[in-house]
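Here is how the chains run, residue by residue.
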Amino acid sequence: MAVVPYKRAMKMTMHIDEKVLAVVMDLTGAKTKTQAVEIALREMARRHQMRKLFRESFGLTAEQWDAEAAPKPSDQFDAPDIDHDKVKSFIASMDERRRFRELMVAEDRPIDKPRKE
């Protein structure tokens, strides 16, 4: 006889709309009705915990939230260390490569240049 590990579960009779249960099973991929109910209950508990967490603002004051959301130097799109001339050169070389590939495809020629050995 196999030993079944103790699982903290409770057997109960419930009246559940079969259509709703079928939808939950389909959406979650649950194999059994019990599994579908457990998934739905865990998801509902998770959502309420998240809502509570957001309501409590993670324990931060309005001023702390403003400080966290304020722009920082690292958020800048054009950071001071970007060499704009190199960026332009790179874009130009990519455009040239794109035009070369389009020409090769249009002429039905191999795209890669043969390597010299």
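Residues numbered from 1 in each chain as written. Predicted model: local features only at pLDDT ≥ 70, side-chain atom pairs only at ≥ 80, totals over all residues. Heavy atoms only, no water.

Novice: Please clarify how the overall build of the protein should be interpreted in this entry.
Specialist: Each helix and strand counted, the protein has four helices and zero strands in total. Going residue by residue from the N terminus, the α and β elements of the protein occur as α-α-α-α. The 117 residues of the protein split such that 3% are buried. Accessible surface, the protein as shown: approximately 11800 Å² in total, 58% of it carbon and sulfur. (Helix = DSSP H or I, 4+ residues; strand = E, 2+ residues; numbered from the N terminus. Buried < 20%, exposed > 50% of the residue type's maximum accessible area, 1.4 Å probe, protein only. Areas by Shrake-Rupley, 256 points an atom, 1.4 Å probe, with all protein chains shown as cover.)

Novice: Before we go on, may I ask you to explain a nonpolar patch on the surface in this structure?
Specialist: On the surface, Met-50, Leu-53, Phe-54, Phe-58, Leu-60 and Trp-65 cluster together to form a nonpolar patch covering roughly 550 Å² of accessible area. Here the nonpolar patch gets three residues from one element, more than from any other, and that element is helix H2 (residues 33–55). Of note, Phe-54 is situated in helix H2. Overall, the relative accessible area of 49% leaves Phe-54 in the partly exposed class. (Patch = residues over 30% accessible without salt bridge, like charges linked within 9 Å, V, L, I, M, F, W, Y side chains within 5 Å. Salt bridge = Lys/Arg side-chain N within 4 Å of Asp/Glu carboxyl O.)

Novice: Would you mind going over the layout of surface pockets with me for this structure?
Specialist: A water-sized probe rolled over the atoms picks out the places where empty space is left. For the largest pocket, the calculated volume is near 550 Å³. If you trace the largest pocket, you find 16 residues lining it, with Met-10, Met-12, Thr-34, Val-37 and Glu-38 closest to the centre. The biggest single contributor to the lining of the largest pocket is H2, with six residues. By residue class, the composition of the lining of the largest pocket is eight nonpolar, two polar and six charged. (1 Å grid on protein atoms, 1.4 Å probe; cavity = no way out; pocket = protein on both sides within 12 Å on 5 of 7 lines; lining within 4 Å. Points joined across faces, edges and corners; volume = space filled by probe spheres on them. Nonpolar A, V, L, I, M, F, W, Y, C, P; charged D, E, K, R; others polar.)

Novice: Can you help me understand helix H4 (residues 84–106) in this one?
Specialist: Since the α-helix advances by 3.6 residues per turn, residues separated by three or four positions end up pointing in the same direction. Taking 1.5 Å per residue as the helical rise, H4 with its 23 residues ought to reach 33 Å, and the 33 Å between its terminal C-alpha atoms agrees with that figure. Positive phi shows up at Asp-108, right after H4, with a value of about 55°. (Expected span 1.5 Å × (residues − 1).)

Novice: How should the pattern of salt bridges be read in this particular structure?
Specialist: Applying the stated criterion across every chain, the model contains five salt bridges. Taking the shortest distance from any N to any O, the salt bridge between Glu-43 and Arg-46 comes out at 2.6 Å. In this pair, Glu-43 and Arg-46 both sit in helix H2, three residues apart, roughly one turn of the helix. The network of salt bridges with common partners includes Glu-43, Arg-46 and Arg-47.

Novice: Sorry if this is basic, but what is going on with the confidence of the model for the protein here?
Specialist: Interpreting fine coordinate detail is not advised for predicted regions of low pLDDT. Summing up the model confidence of the protein, the mean pLDDT is 80 and the portion of residues at 70 or higher is 79%. In the model of the protein, helix H3 (residues 62–69) stands out as the element of lowest mean pLDDT, 80, in contrast to helix H1 (residues 18–28), which has the highest, 92. (pLDDT = per-residue confidence, 0-100.)

Novice: Please clarify how the packing of H1 against H2 should be interpreted in this entry.
Specialist: The geometry of a pair of packed helices is captured by two quantities: the angle between their axes and the separation between those axes. Where H1 contacts H2, the two axes come as close as 9 Å, and the packing angle between them is 80°. The orientation of H1 relative to H2 falls into the category roughly perpendicular. Seen from H1, the contacting residues are Glu-18, Leu-21, Val-24, Met-25 and Thr-28; seen from H2, they are Lys-33, Ala-36, Val-37, Ile-39 and Ala-40. Classifying every residue of the contact of H1 with H2 by side-chain character gives seven nonpolar, one polar and two charged. (Axes fitted to C-alpha atoms, helices over the stretch in contact; angles between N-to-C directions. Parallel < 35°, antiparallel > 145°, perpendicular 65-115°, else oblique. Contact = heavy atoms within 4.5 Å.)

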